[in-house]
Amino acid sequence: MDVKEIARRVAEDPWRGKLDEVLDLVADDYVMHAPGAREPFRGRDGYRQFVTAYLTGFPDATITVDDQIAEGDIVVTRWTGRGTNTGDLMGMAATGRQVTIEGISYSRIADGMARESLIIWDNLALLQQLGVIPETVPAPTA
Amino acid sequence: MFGAFPQSRFMPCAECGASVERGASTHLCEPEQLLDFRLFQLREEIARFDEQFSAWLRTARGRFAAWVAERDRRQQA
């Protein structure tokens, strides 16, 4: 399996009911940096914790890889996530709304396993789609 | 920097909750999605009704109504 395929599976498969299988591709010393998280998610438990939090909020969530670029052990993956917010999301009550979010993962893959990821997604868009913050803010007047 | 407050490329339809790309020329709510979304919004009310209805069925009037309904059903069968 090449580095792109590993990065693709780590991105897509947990949301297809294959979380346990994907953990075989996550290193013990894996570190995931995610926006808004006070601390990185570490190891397989951290990865599971991250996925589970979002699956609780979006039980039907899917991630689709749109594009990938690889150089050496680094893979950049552009993806689109979709899901319906039918569960509580980190303390926020369910809304029943469907959301579509775009993001990019920058991952280091070595010895057939994901070692480190920096994941960036449009959190502002997510919160706007959930109605947590206003869709638009009026321009300030002089 | 952006000229305006950044806006999400997608927003849920206010009627059915489906994710719709901004500027999409047409969006027609699918009946099943519309029903699912509305039932979800009413889920607490539905749960409350179920609870109250179950409690009523346990009263003397409720038990009698259930007995009459069952008798009518058997007669029609």
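Look a little higher up for the structure.
The structure reproduced in this document is the subject of the present report. (Residues numbered from 1 in each chain as written. Chains lettered and ligands numbered in written order. Predicted model: local features only at pLDDT ≥ 70, side-chain atom pairs only at ≥ 80, totals over all residues.)

**What to know about the interface of chain B and chain A**
With 15 residues of chain B at the interface, the matching set in chain A holds 15 residues. Put simply, the parts of the chain that give the side of chain B that touches chain A at least two residues each are β1 (10-12) and α1 (31-41) of chain B. (Contact = placed C-beta atoms within 7 Å. Helix = DSSP H or I, 4+ residues; strand = E, 2+ residues; numbered from the N terminus.)

**Things to note about the sheet that holds strand β4 (residues 74-84) of chain A**
Residues and elements named next belong to chain A. Ordered in space as β2-β1-β6-β5-β4-β3, the six strands form an open sheet in which the pairing is mixed. Whereas interior strands pair on both sides, the edge strands pair on one side only; in this sheet they are β2 (41-42) and β3 (62-71). Note that β4 and strand β5 (residues 98-110) share 11 bridges and pair antiparallel. In the strand pairing of β5, R78 is matched with I104. Lying over the sheet, helix α3 (residues 43-57) contacts β1 (26-33) and β2, oriented at roughly 50 degrees with respect to β1. (Pairing = 2+ DSSP bridges. Axes fitted to C-alpha atoms, helices over the stretch in contact; angles between N-to-C directions.)

**Considerations on the environment of B:Q7**
For B:Q7, the location among the structural elements is in the segment before β1. Looking at B:Q7, the number of C-beta atoms within 10 Å reads 15, which means it is partly exposed. In this structure, the C-alpha to C-alpha distance between B:Q7 and B:R22, residues 15 residues apart in sequence, is 9.2 Å. In contact with B:Q7, other than residues within four places in its own chain, are A:E135, A:T136 and B:R22. (Buried ≥ 20, exposed ≤ 12 C-beta atoms within 10 Å, placed from the backbone.)

**A few points about the pairing of β1(A)**
All names here are of chain A. Pairing of β1 with strand β6 (residues 113-121) involves four bridges; the strand directions are parallel. Within the sheet, the bridge partner assigned to H33 lies in β6 and is L118. The pairing of β1 with β2 spans two bridges and is classified as antiparallel. Along β2, the bridge assignment pairs V31 with R42.

**Examining the pairing of β4(A)**
Taken residue by residue, a regular strand's side chains alternate between the two faces of the sheet. Residue and element names in this part refer to chain A. Two elements, β3 and β4, share nine bridges in a ladder whose sense is antiparallel. By the bridge assignment, V65 is partnered in β4 with W79. Hairpin geometry of β3 and β4 is characterised by an intervening segment of two residues between the two adjacent antiparallel strands and by a positive phi of about 60 degrees at G72.

Taken by themselves, the reported measurements are silent on function.
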